[in-house]
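Okay, here's what each chain looks like letter by letter:
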Amino acid sequence: MVYKGDVPRFLASRPDSLLIPLPWDVPLAEWPAEYLVALPRGISRHVVRFIQVGSSVYAAKEVIEHLAIHEYRMLTDLRRTDTPAVEPLAVVTGRTDDHGEPLDPVLITRHLEFSLPYRSLFDHGVRPETVSRLLDALVVLLVRLHLIGFLWGDVSLSNVLFRRDAGQFAAYLVDAETAEIHESLTNGQREHDLTIATTNLYGEFSDLEAGRMLDASLDPLNLVESILSRYRDLWAELTDAEEFSGQETYRIENRVRRLNALGFDVAELDIRTSADGSTIRIQPKVVDAGHHSRRLLRLAGLDTEENQARRLLNDLDTFRARTNQGHVDEAVVAHQWLTECFQPVVTAVPHDLRGKREAAQIFHEVLDYRWYASQREHREVPLLEATWGYIQDVLQALPDEAMEATTLGLMSGEHRQLANPFDPSQGFTDDSGPMPVDPWETDDDDDVPDPGFLDIEALRRRGR
Amino acid sequence: MVFQNYALYPHMTVADNMGFALKMAGVPKAERDARVLEAANLLGLESFLARKPKALSGGQRQRVAMGRAIVRSPQVFLMDEPLSNLDAKLRVSTRTQIAALQTRLGVTTVYVTHDQVEAMTMGDRVAVMKDGLLQQVDSPLSLYDAPTNLFVAGFIGSPAMNLLTGNVVEGGVKVGDYIVPVPRETLAKAAGEKTLVVGIRPENFQLAEAGIGVDVDVVEELGADGFVYGTLSGLSPEQKLAAQQIVARVSARTPPHRGTAVKLAAKNPETVHVFSEKTQARLS
């Protein structure tokens, strides 16, 4: 057996043997198209490609070794704390090209199914309300990260993926290269992340504006300012102390309900009473995101986004009331609801349409469809009838969001073609024109001798 | 402090890529344009300002990112391995350009690099770190002429300083059969240590009547000078395999021949460095 150069090494918790035969001796930017999938994604400073491995799609990023391993570990930690982030699969090190020259390692993460990078959303035109929801999702993610002591260091739209979450969006962290995990974050550290966020997001919105992809009514500056205020409001609600008279103990319950409504559970609430009992001071110490999704998972075994869970739980409550089962154990009712409501809707969707939306999202959209249909027709439209109507009228026409590149379009607008279908950072084909002369990169650099070693005599002559 | 992401925005021109943070900060357009143009001049990017970043080379993209930082007139720049992903030829020219740029801007710049040539040629002061610990902060010449410990002595300079361990004897340190002269006050600082390390730079060696006996393995001629590579004389063949290499720079007019034995002594005894083997610290 003849190896070209050294043998690559794989750092992985659950190794995928299909990774081994990939062309690791070729720089990622030069991989043949047969290995690549053109999926929409954000811009990055490293070479990033989506690769086809068996029936899965992975994201591969070429980056220096200590950053690759650092990011692998950061992402692993996020998964462990149940924070929305892409799943790290492996780091491939020890790569060399066929001349034996070393190549940077590659970090491999699993492609997040049904995820929408902001560029693909904006490519199809985005309503101002949708932009607002995307920012909300980003703010929730940032607050969740800060609550667990995670300093991101590179907050940007390019570094998150969005998934539909009932009428909202859920944001997932994609890039943890600059991240640090601390016991908890200081205000200065959080402000640092916010400064980075505003600069990066301002740049990204300005870029969308320059590409005529941002609704004319939206101003990049207003958008980033609204991120700051949303972040501060949410952070205050989740962490601020609240003081009230000893007569108003109901305000403890109020605070917990408000946090639940925001999607957070209170794991630790610090309650202090003054010596004479006249005032009470409460402060949430530990809050966990996922109040509704945890409850739904416990009751029905469905793993969904937070707002989807909220919607499904509401439907479950309605089901319970309608079937007069207020006295029956909630878990028992949940099982009935699952088999009589949720599953019939999901199984009614033809197989070839299932790549368009996740099951929970479909259920949410069917509920919406049924509400509108019932209003229109002044009758209670049965769930299955609504499901067929939804499939016919809505689902058929939707683009596939699971990940098929063909239907998503190669990250191009209607009339613009990416210069490189695998790399949006390279811009579009229509920005051409002859290259100007670059005084820093001209070839007649005879005046720059490279001694290749430390020329101490030259240094002495310069008299430093 | 602002972290400078150097992903460039594909729909924005080079000028907008450089100036967007000023726009966010509410700097008036005329001033913004002036500052972007000034930075572009410094970076050789004037004729690229109206272009989109699409077809720019890696080095050009990096300069646009530097321009982003320059237009904000920071009090300090931190450049973390800025040349690490440029090819070897471009590294050398860009290094020179960045040094000139820094002189013109006059802004304190902390420049992180693994390349000692880069550090020594660009830095006014160089901080040498090892395993997260600061070893020495000094001018490049002081680092070279008075390394504070064995790590800095061996790290700075190429070919590296010869670091030879020998027994302390009257008047110096005995390496092989030869006593390298060391001043009495230096030896006195090594109270109780039986062995010390002497450091002699390759260019401070000369062929001599009396000196360290070295068997010549390789002679490399480079213009007016040559480098002699060898090992201590008097070793068995097995010992030779594991022996430390000794390097000396000699005049190419009278180079010794491969396979011969020569004697090497310090040209200038005052620039022989002496280190404690125990504490690794400089004694001379």
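Each chain carries its own residue numbering, running from 1 in the written order of its sequence. Labels are handed out in written order, letters beginning with A for the chains and numbers beginning with 1 for the ligands. Residues qualify for local features only when their pLDDT is at least 70, as the model is predicted, and side-chain atom pairs are given and counted only at 80 or more; totals for whole chains, interfaces and linings, by contrast, use all residues. Side-chain calculation: all heavy atoms of the structure are included, whereas hydrogens and water are not.

S.K.: Mind showing me how you'd approach the domain arrangement of chain A here?
M.R.: Often the size quoted for an interface is simply the accessible area lost on bringing the parts together. Residues and elements named next belong to chain A. Domains assigned within chain A are domain 1 (2-111), domain 2 (116-238), domain 3 (241-289 + 447-463), domain 4 (290-339) and domain 5 (349-432). A contact between two residues is defined here by any heavy atoms of the two lying within 4.5 Å. Between domain 4 and domain 5, the contact holds 6 residues from the first and 8 residues from the second. In total, domain 4 and domain 5 occlude about 670 Å² of area from one another, counting both sides; carbon and sulfur atoms represent 51% of this. Contact with domain 5 buries area across many residues of domain 4, yet Gln308, Arg311 and Asp315 alone supply 69% of it, more than any other trio. We define a salt bridge as a contact between a side-chain nitrogen of Lys or Arg and a carboxyl oxygen of Asp or Glu at a distance within 4 Å. Along the contact surface separating domain 4 from domain 5 lie 1 salt bridge. In this entry, domain limits derive from an automatic or database-based domain assignment. Throughout, the accessible surface (probe 1.4 Å) given up by two parts as they are put together, summed over both, is called the buried area.

S.K.: Looking at this structure, how should I read the environment of A:Phe319?
M.R.: Residue and element names in this part refer to chain A. Structurally, Phe319 can be placed in helix 8 (residues 306-322). The classification of residues rests on relative accessible area computed with a 1.4 Å probe and restricted to protein chains. Under 20% of the type maximum is buried, over 50% is exposed, and intermediate values are partly exposed. With a relative accessible area of 3%, Phe319 lands in the buried category. Here the alpha-carbon distance between Phe319 and Thr347, two residues 28 residues apart in the chain, equals 19 Å. If we ignore the near neighbours within four places in the chain, the residues touching Phe319 are Gln325, Val333, Gln336, Trp337, Glu340 and Cys341. Note on conventions: DSSP H or I runs of at least 4 residues are helices, E runs of at least 2 residues are strands, and numbering of each starts at the N terminus.

S.K.: Could you clarify how one ought to interpret the interface of chain A and chain B in this entry?
M.R.: Taken together, the contact between chain A and chain B spans 54 residues of the former and 54 residues of the latter. Across the contact surface, chain A and chain B share 2 salt bridges. With its nearest N and O atoms 2.4 Å apart, the salt bridge here joins A:Asp438 to B:Arg63. Side-chain atoms alone can form a polar contact between residues adjacent in sequence; in general such a contact is a pair of N or O atoms within 3.5 Å, and within protein one must be able to donate a hydrogen while the other accepts it. The tally of links between chain A and chain B comes to 6 residue pairs in polar contact (both at pLDDT 80 or more). Of all the elements in the fold, those that place two or more residues in the side of chain A that touches chain B are helix 4 (187-210), helix 5 (220-239) and helix 13 (456-461) of chain A. The biggest single contributor to the side of chain A that touches chain B is helix 4 of chain A, with 11 residues. For this scheme, ten residues count as nonpolar: Ala, Val, Leu, Ile, Met, Phe, Trp, Tyr, Cys and Pro. Four count as charged, namely Asp, Glu, Lys and Arg, and the remainder, Gly too, count as polar. Here the residues of the side of chain A that touches chain B sort into 22 nonpolar, 16 polar and 16 charged.

S.K.: Mind showing me how you'd approach the packing of helix 1 (residues 14-24) of chain B against helix 2 (residues 29-42) of chain B here?
M.R.: A pair of packed helices is characterised by two quantities: the angle between their axes and the separation of those axes. All names here are of chain B. Lines fitted to C-alpha atoms define the axes, with helix axes restricted to the stretch in contact, and inter-axis angles between N-to-C directions lie between 0 and 180 degrees. Where helix 1 meets helix 2, the axes come as close as 10 Å, and the angle between the chain directions of the two elements is 135°. One element, helix 1, and the other, helix 2, form an angle in the oblique class. Crossing angle aside, the handedness with which helix 1 passes helix 2 is right-handed. Note on element contacts: helix 2 touches helix 1 through Arg32, Arg35, Val36, Ala39 and Ala40, opposite Ala15, Met18, Gly19, Leu22 and Lys23. The residue inventory of the contact of helix 1 with helix 2, partitioned by class, reads 6 nonpolar, 1 polar and 3 charged. Angles below 35 degrees are treated as roughly parallel, those above 145 as roughly antiparallel, those between 65 and 115 as roughly perpendicular, and all remaining angles as oblique. Each crossing gets its handedness from the near helix: less than a right angle anticlockwise from the far helix is left-handed, clockwise is right-handed.

S.K.: Teacher, can you tell me more about the sheet that holds strand 13 (residues 273-276) of chain B here?
M.R.: The pairing of strands in a sheet comes from backbone hydrogen bonds and takes either a parallel or an antiparallel form. Residues and elements named next belong to chain B. At least two bridges found by DSSP between two strands are what make those strands a pair. The strand order across the open sheet formed by 5 strands is 7-6-5-8-13, and the pairing between neighbours is antiparallel. Every other strand in the sheet has two partners, leaving strand 7 (178-181) and strand 13 as the edge strands with one partner each. Looking at each pair of strands side by side, their axes are set apart by 45° on average, direction ignored. The pairing of strand 6 (residues 172-175) with strand 7 spans 4 bridges and is antiparallel. Following the sheet pairing, Val173 is matched in strand 7 by Val180.

S.K.: Could you clarify how one ought to interpret the pattern of salt bridges in this entry?
M.R.: Pairing is possible between side chains that carry opposite charge, provided their charged atoms lie close to one another. For the structure on display, the rule yields 39 salt bridges over all chains. When the shortest N-O distance is used, the salt bridge between B:Asp145 and A:Arg460 registers 2.9 Å. Of this pair, B:Asp145 sits in helix 6 (residues 140-145) while A:Arg460 sits in helix 13, each in a different chain. Judged by relative accessible area, which is 34%, B:Asp145 ranks as partly exposed. For B:Lys240, the salt bridge identified is with B:Asp215, shortest N-O distance 2.8 Å. Placement of B:Lys240 in helix 9 (residues 237-242) and of B:Asp215 in strand 9 (residues 205-222) is noted, with a sequence separation of 25 residues between them. Counted as one network, the salt bridges with shared partners bring together A:Glu237, A:Glu242, A:Glu248, A:Arg251, A:Arg255 and A:Arg258.

S.K.: For this particular structure, what's the right way to read a nonpolar patch on the surface?
M.R.: Residues and elements named next belong to chain B. Taken together, Val76, Leu78, Val110 and Val112 make up a surface patch of nonpolar side chains, about 330 Å² in accessible area. With respect to the helices, strands and loops of the structure, Val76 is situated in strand 1 (residues 76-80). Classification of Val76 as partly exposed rests on a relative accessible area of 47%. Residues with no salt bridge and a relative accessible area higher than 30% make up the patches, which join like charges within 9 Å and nonpolar side chains (Val, Leu, Ile, Met, Phe, Trp, Tyr) within 5 Å. Calculation of accessible area relied on Shrake-Rupley with a 1.4 Å probe; when residues are assessed, cover is drawn exclusively from the protein chains displayed.

S.K.: Any chance you could explain the pairing of strand 9 of chain B here in plain terms?
M.R.: Two faces, one strand: in a regular strand the side chains alternate between the faces of the sheet. Residues and elements named next belong to chain B. Note: strand 9 against strand 12 (residues 261-266), 7 bridges, orientation antiparallel. Counted as the bridge partner of Leu207 is Leu264 from strand 12. Here 8 bridges tie strand 9 to strand 10 (residues 225-232), and the two strands are oriented antiparallel to one another. Residue pairing in the sheet places Val214 in a bridge with Leu232 of strand 10. The antiparallel pairing of strand 9 with strand 10 creates a hairpin that spans 2 residues between the two strands, and Gly223 there sits at a positive phi of about 60°.

S.K.: Looking at this model, I keep getting lost on the nonpolar core. Mind explaining?
M.R.: Where a protein is soluble and globular, its nonpolar side chains tend to be buried together. Residues and elements named next belong to chain A. Ranked by internal contacts, the top residues of the largest apolar core, which has 60 residues, are Phe122, Phe150, Trp152, Phe162, Leu173, Leu201 and Phe205. Counting residues per element, this core draws most heavily on helix 3 (residues 128-147), at 10 residues. If near-sequence neighbours (up to four positions away) are discounted, Leu173 is found in contact with Leu75, Leu78, Pro84, Ala85, Val86, Leu141, Leu145, Phe150, Trp152 and Asn159. Counting residues in hydrophobic clusters, the runner-up holds 33 residues, among them Val328, Trp337, Val349 and Leu353. Only buried Ala, Val, Leu, Ile, Met, Phe, Trp, Tyr and Cys residues count toward a nonpolar core, and they belong to the same one when joined by side-chain atoms within 4.5 Å.

S.K.: I'm lost on the sheet that holds strand 3 (residues 47-53) of chain A in this one. Help?
M.R.: Residue and element names in this part refer to chain A. What the 6 strands build is an open sheet, ordered 1-5-8-4-3-2; its pairing is antiparallel. Each having just a single partner strand, strand 1 (9-11) and strand 2 (36-37) make up the two edges of the open sheet. Relative to strand 8 (residues 106-110), strand 5 (residues 88-93) runs antiparallel, the two sharing 4 bridges. Looking at strand 8, one finds that Pro88 is bridged to Thr109. Lying on the sheet, helix 1 (residues 65-80) is in contact with strand 1, strand 4 (56-62), strand 5 and strand 8; it crosses strand 5 at an angle near 165°.

S.K.: When you look at the environment of A:Arg294 in this model, what are you seeing that I'm missing?
M.R.: All names here are of chain A. Within the fold, Arg294 resides in helix 7 (residues 291-300). Taking relative accessible area as the criterion, Arg294 reaches 37% and is therefore assigned partly exposed. Placed 29 residues apart in sequence, Arg294 and Asp265 show a C-alpha to C-alpha distance of 9.5 Å. Not counting residues within four places of it along the chain, the set of residues in contact with Arg294 comprises Asp265, Asp288 and Ala289.

S.K.: Before we go on, may I ask you to explain the confidence of the model for chain A in this structure?
M.R.: Residue and element names in this part refer to chain A. When the pLDDT values of chain A are averaged, the result is 87; 91% of them are 70 or greater. Summary of the metric used: pLDDT quantifies the predictor's per-residue confidence within the range 0 to 100. Ranking the elements of chain A by mean pLDDT puts helix 12 (residues 405-408) last, at 37, and strand 10 (residues 150-151) first, at 97. Every residue in residues 1-5 is under pLDDT 50, and counting partners more than four places away or in other chains gives 4 contacts. Note on residues 404-415: pLDDT under 50 across the span, and 25 contacts to partners over four residues away in sequence or across chains.

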